[in-house]
Amino acid sequence: MTRIDLHCHSTASDGTLTPADLVRAGAAAGLNVMAITDHDTTGGWAEAAEARPEGLSLVRGAELSCRWRGGKRWPIALHLLAYLFDPDEPRLAADLSRLRDDREQRAEQIVDLLRADGVPISWPEVHEYAAGGSVGRPHIAQALIRAGLVATTTEAFQSGWLGGRYFVPKSDLDVFEGVRAVRAAGGVPVFAHPRATKRGPVVPDSLVEELAEAGLFGLEADHEDHSPAERAEMRALAERLGLVVTGSSDFHGTHKTVRLGAFVTSPEAYEKIVAAATGVSVLG
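A brief structural summary.

Rules used throughout
Residues numbered from 1 in each chain as written. Predicted model: local features only at pLDDT ≥ 70, side-chain atom pairs only at ≥ 80, totals over all residues. Heavy atoms only, no water. Buried < 20%, exposed > 50% of the residue type's maximum accessible area, 1.4 Å probe, protein only. Helix = DSSP H or I, 4+ residues; strand = E, 2+ residues; numbered from the N terminus. Arc of directions from axis to C-beta. Contact = heavy atoms within 4.5 Å. Core = buried A, V, L, I, M, F, W, Y, C linked by side-chain atoms within 4.5 Å. Phe/Tyr/Trp six-rings, centres within 6.5 Å; stacked < 30°, edge-to-face > 60°.

1. Observations regarding helix H10 (residues 267-276)
Looking at H10, one finds that the buried residues are Ala269, Tyr270 and Ile273. The buried residues of H10 all sit within an arc of 100 degrees when viewed along its axis, so they share a single face. Facing away from the buried side of H10 by more than 90 degrees, the exposed set consists of Glu271 and Ala275. Considering only its buried residues, H10 is in contact with strand S1 (4-8), strand S2 (33-39), strand S3 (57-68), strand S4 (76-83), strand S6 (188-192) and strand S8 (244-247).

2. Re the nonpolar core
By size, the foremost hydrophobic cluster in this structure holds 65 residues, and its most contacted members are Leu6, Met34, Val59, Leu64, Tyr83 and Leu219. The residues touching Val59, leaving out its near neighbours within four places in the chain, are Leu6, Val33, Met34, Ala35, Ile36, Tyr83, Leu84, Tyr270 and Val282. In this structure, Val111, Ile140, Tyr166 and Val168 belong to the second largest nonpolar core, which totals 20 residues.

3. Here we look at the packing of aromatic side chains
Applying the stated criterion across every chain, the model contains two aromatic pairs. Consider the rings of Trp45 and Phe85, whose centres lie 5.2 Å apart with planes at 50 degrees: the pair is tilted. Taken together, the positions of Trp45 in helix H2 (residues 45-51) and Phe85 in the loop between S4 and helix H3 (90-116) put the pair 40 residues apart, joining distant regions of the chain. A residue is classified by how much of its surface remains accessible, and Phe85, at 0% relative accessible area, is buried. Centroid distance Trp161 to Tyr166: 5.9 Å. Interplanar angle 25 degrees. Geometry classified as stacked. Judged on exposure class, the residue Trp161 and its partner Tyr166 are both buried.

Structural data, given as structure tokens:
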């Protein structure tokens, strides 16, 4: 049986395995295909490619931080998985650079707020946890765990900490611009965990319809943050709109309990994604 996991993170963003260790772990978990999709960066591509074990195909991608305003005061945050795009395409490269800069500035602001309240963490410590990758809230969570203030990353993201009291919004990419930029770079855009109500507000089906018209290629239906009913809803919506359905672990190492290959993508959907891409090829 071919096992395909198209949503995995490394230390290039907020995972706990290096890109090299990530691909080795993928092979050890019995994956035939895996994607490296760090937040707003291609920084782990080269290391993952060099360390790729024999027999494992590597899909190079990223997870873009996006937003949709929907005519309301507060935008809804959403994530766009971008597969097999050209990392040197100027428009998308500029977008990713801006998103990374904003992510780091946001992290610094959060650390400043925590320190102002006497929380014993520092920016150098948080930056060190990022190990040269894109700094994000999970690295601040690591500092809070080290300080004994929370027990887990999940607890750190709750309302008393990074999910509320010390929440700082970030300037994400408009989701329509994100879809267009990925397409312009020869990539394939897939909406990550679109019905994950446990994460907060989700977008209406009407937006997915508009995104499909703009070039969205698929929906990540099978995900740990979707209930069985939500998975079924996304499958039905994808079928109605002619979108592919993917399944992925959204693996982050020890930041989450989900394991590699916990959810997988069908070979048929994977082949459609590969056929639609013109940016870079699958390795292996």
